[in-house]
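In case you want the letters, here they are:
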Amino acid sequence: MEIVNMDTLNEAQLKQAAQMLTDEIPDGWETLADAMEEIDMLLNDEDEPDSHFIAAVENGEVVGWCGILPEYNGKVFELHPLVVRGDRQRKGIGQKLVAAIEKTAKEKGGLTMQLGADDEKLGGETSLANVDLYDDLPTRIREFNPGAHQSAFYMKLGYKIIGVMPDANGRGKPDIILAKPL
């Protein structure tokens, strides 16, 4: 596996990256056209010169990708998005992508990496879903159970919950904000 800058990918590889968004995160990108539009916007945003996107490539095929977007004058970077092809998940690809993009953010002067992890599946995946988050949120965060949610992956990589936005994705569907120092 090789990690490359996404601006070196050809059109077929960019479509593979877009297909991953629709396959793995369909709530965010329902169609391939939506996903291609997102990738085009991210890769060609002249207002964000410090944004950066990388892909994991095996035998010429994109098997995962991620990027960073600068915030707070480049002191904080948002990890957005991170996606790994379904048949290649749990093989260390996401971990390698996150490590590589964190290194890039640090080299760009970043002090903190942050991300939002939506708990929006029907019924919820974490202990923060479908509860009153306005009632003693600090205790709910202390007793947090990620279940099978993506937040468990990030927590294994050293990310901590720094906030929660209740009902961000509908009633009982919070956005969990995680971060770590670089």
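Shown above is the structure to which this text applies.
Residues numbered from 1 in each chain as written. Predicted model: local features only at pLDDT ≥ 70, side-chain atom pairs only at ≥ 80, totals over all residues. Heavy atoms only, no water.

Chemist: Can you walk me through the sheet that holds strand 7 (residues 175-181) in this structure?
Modeler: Strand pairing within a sheet occurs via backbone hydrogen bonds; the two strands may be parallel or antiparallel. If you walk across this open sheet you meet the seven strands as 1-2-3-4-5-7-6, and the pairing is mixed. Whereas interior strands pair on both sides, the edge strands pair on one side only; in this sheet they are strand 1 (2-5) and strand 6 (160-165). Going across the sheet, the axis of each strand differs from the next one's by a mean of 25°, ignoring polarity. Sitting on the sheet, helix 1 (residues 11-24) touches strand 2 (52-58), strand 3 (61-71) and strand 4 (76-84), and the angle it makes with strand 3 is about 80°. Where helix 3 (residues 93-107) meets the sheet, its contacts fall on strand 1, strand 2, strand 3, strand 4, strand 5 (112-118) and strand 7, and the angle it forms with strand 4 comes to roughly 155°. (Pairing = 2+ DSSP bridges. Helix = DSSP H or I, 4+ residues; strand = E, 2+ residues; numbered from the N terminus. Axes fitted to C-alpha atoms, helices over the stretch in contact; angles between N-to-C directions. Contact = heavy atoms within 4.5 Å.)

Chemist: How should the pairing of strand 4 be read in this particular structure?
Modeler: Every other side chain in a regular strand lies on the same face of the sheet, so the side chains alternate between the two faces. A large share of strand 4 lies buried, amounting to eight of its nine residues. Pairing between strand 3 and strand 4: seven bridges, direction antiparallel. When the bridges of strand 4 are listed, Cys66 appears paired with Leu82. Adjacent in sequence and paired antiparallel, strand 3 and strand 4 are bridged by four residues, among which Tyr72 carries a positive phi angle near 50°. Alignment of strand 4 against strand 5, held across three bridges, turns out to be parallel. For Phe77, the partnering residue across the bridge sits in strand 5 and is Met113. (Buried < 20%, exposed > 50% of the residue type's maximum accessible area, 1.4 Å probe, protein only.)

Chemist: Hey, could you run me through the pattern of salt bridges in this one?
Modeler: Side chains that differ in sign of charge can pair as their charged atoms come close. The full count for this structure, using the stated rule, is seven salt bridges. Among the ionic pairs, Glu58 bridges to Arg88, the shortest N-O distance being 2.7 Å. Pair noted here: Glu58 is in strand 2 and Arg88 is in the loop between strand 4 and helix 3, with a separation of 30 residues, a long-range link. Given a relative accessible area of 21%, Glu58 falls into the partly exposed group. Through salt bridges that share partners, Glu61, Arg85 and Asp87 make up one connected network. (Salt bridge = Lys/Arg side-chain N within 4 Å of Asp/Glu carboxyl O.)

Chemist: Explanation requested: the layout of surface pockets in the structure shown.
Modeler: Sizing a probe to match a water molecule and rolling it over the atoms shows the empty space that remains. Its volume calculated, the largest pocket comes out at about 1,400 Å³. If you trace the largest pocket, you find 40 residues lining it, with Ile25, Leu82, His149, Gln150 and Tyr154 closest to the centre. Secondary structure elements with two or more residues in the lining of the largest pocket: strand 4, helix 3, strand 5, helix 5 (151-156) and strand 7. Ranked by the residues each element gives to the lining of the largest pocket, the list is headed by strand 4, at seven residues. The class makeup of the residues in the lining of the largest pocket is 16 nonpolar, twelve polar and twelve charged. In this structure, the second largest pocket is lined by Asn5, Met6, Asp7, Leu42, Leu43, Asp45, Glu48, Pro49, Ser51, His52 and Phe53. Among the secondary structure elements, those contributing two or more residues to the lining of the second largest pocket are helix 2 (32-43) and strand 2. Grouping the amino acids of the lining of the second largest pocket by side-chain chemistry returns five nonpolar, three polar and three charged. (1 Å grid on protein atoms, 1.4 Å probe; cavity = no way out; pocket = protein on both sides within 12 Å on 5 of 7 lines; lining within 4 Å. Points joined across faces, edges and corners; volume = space filled by probe spheres on them. Nonpolar A, V, L, I, M, F, W, Y, C, P; charged D, E, K, R; others polar.)

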